[in-house]
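The lines below spell out each chain.
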Amino acid sequence: TTTTSGSGGSTTNGDSTTTTAVVNVQGEVQQKLDVICNDLFLRAFCGSSQCIHTVASEEEDEPRCCSDVMNDPAFAMGEFVAVFDPLDGSKNIDASLPVGSIFGIYRPEAGSNLNHKDDLAAAFC
């Protein structure tokens, strides 16, 4: 038996089950790999340099400051925002179909919302 938890709750499933009881902000039931990949992306963006200040994931309701992700105020120093879908197409996992990751890096102007003009880098892999 495997226990999987996320920001919206937890469930205990048999080993062959790939879903959790958590529904993301898109209204999709999270896959176990969604939760794992989200955690990896959060730590990679926030912990790899002092450039990223805020992260926003499709798997979470609200953007998060890197100091909250890393539990250390020293990680709130960057000027960039990373937005991402850590595992796009995760519903394809059980059918062994392709999945990927999407991310963008922004430098927002003070007091403004993110828009395409602030996009410095983006990728799908």
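Residues numbered from 1 in each chain as written. Predicted model: local features only at pLDDT ≥ 70, side-chain atom pairs only at ≥ 80, totals over all residues. Heavy atoms only, no water.

Regarding the confidence of the model for the chain
Just so we agree on the cut-off: pLDDT is defined as a per-residue confidence score from the predictor, taking values between 0 and 100. Counting from the N terminus, the helices are the DSSP runs of H or I reaching at least four residues and the strands are the DSSP runs of E reaching at least two. Contacts are assigned to residue pairs with any non-hydrogen atoms lying within 4.5 Å of each other.
Overall, the prediction assigns the chain a mean pLDDT of 80, with 85% of residues at 70 or greater. Of all secondary-structure elements in the chain, the lowest mean pLDDT belongs to strand S1 (residues 2–6), at 38, while helix H2 (residues 66–70) reaches the highest, 96. Confidence drops under pLDDT 50 across residues 1–16; counting only partners more than four residues distant or on other chains, this segment forms 29 contacts.

Some details on the state of the cysteines
Each disulfide consists of a covalent bond between the sulfur atoms of two cysteine residues. So the rule is basically this: Sulfur atoms of two cysteines make up a disulfide when they are within 2.5 Å. Exposure classes here rest on a 1.4 Å probe applied to the protein chains alone. A residue is buried below 20% of its type maximum, exposed above 50%, and partly exposed in between.
Under the defined criterion, the tally for this structure stands at one disulfide. Put simply, Cys46 and Cys66 are joined by a disulfide, and their sulfur atoms are 2.2 Å apart. Between Cys46 and Cys66, the S-S torsion sits near -70°, and that sign places the bridge as left-handed. Of this pair, Cys46 sits in helix H1 (residues 32–47) while Cys66 is found in helix H2, placing the two residues 20 residues apart along the sequence. By the burial criterion, Cys46 is buried, and Cys66 matches it.

What to know about the side chain of Thr54
Mapped onto the elements of the fold, Thr54 is located in strand S5 (residues 52–57). You can call Thr54 buried: its relative accessible area is 17%. Setting aside residues up to four positions removed in sequence, Thr54 forms contacts with Pro63, Arg64, Cys65, Cys66, Phe80, Val81 and Ala82.

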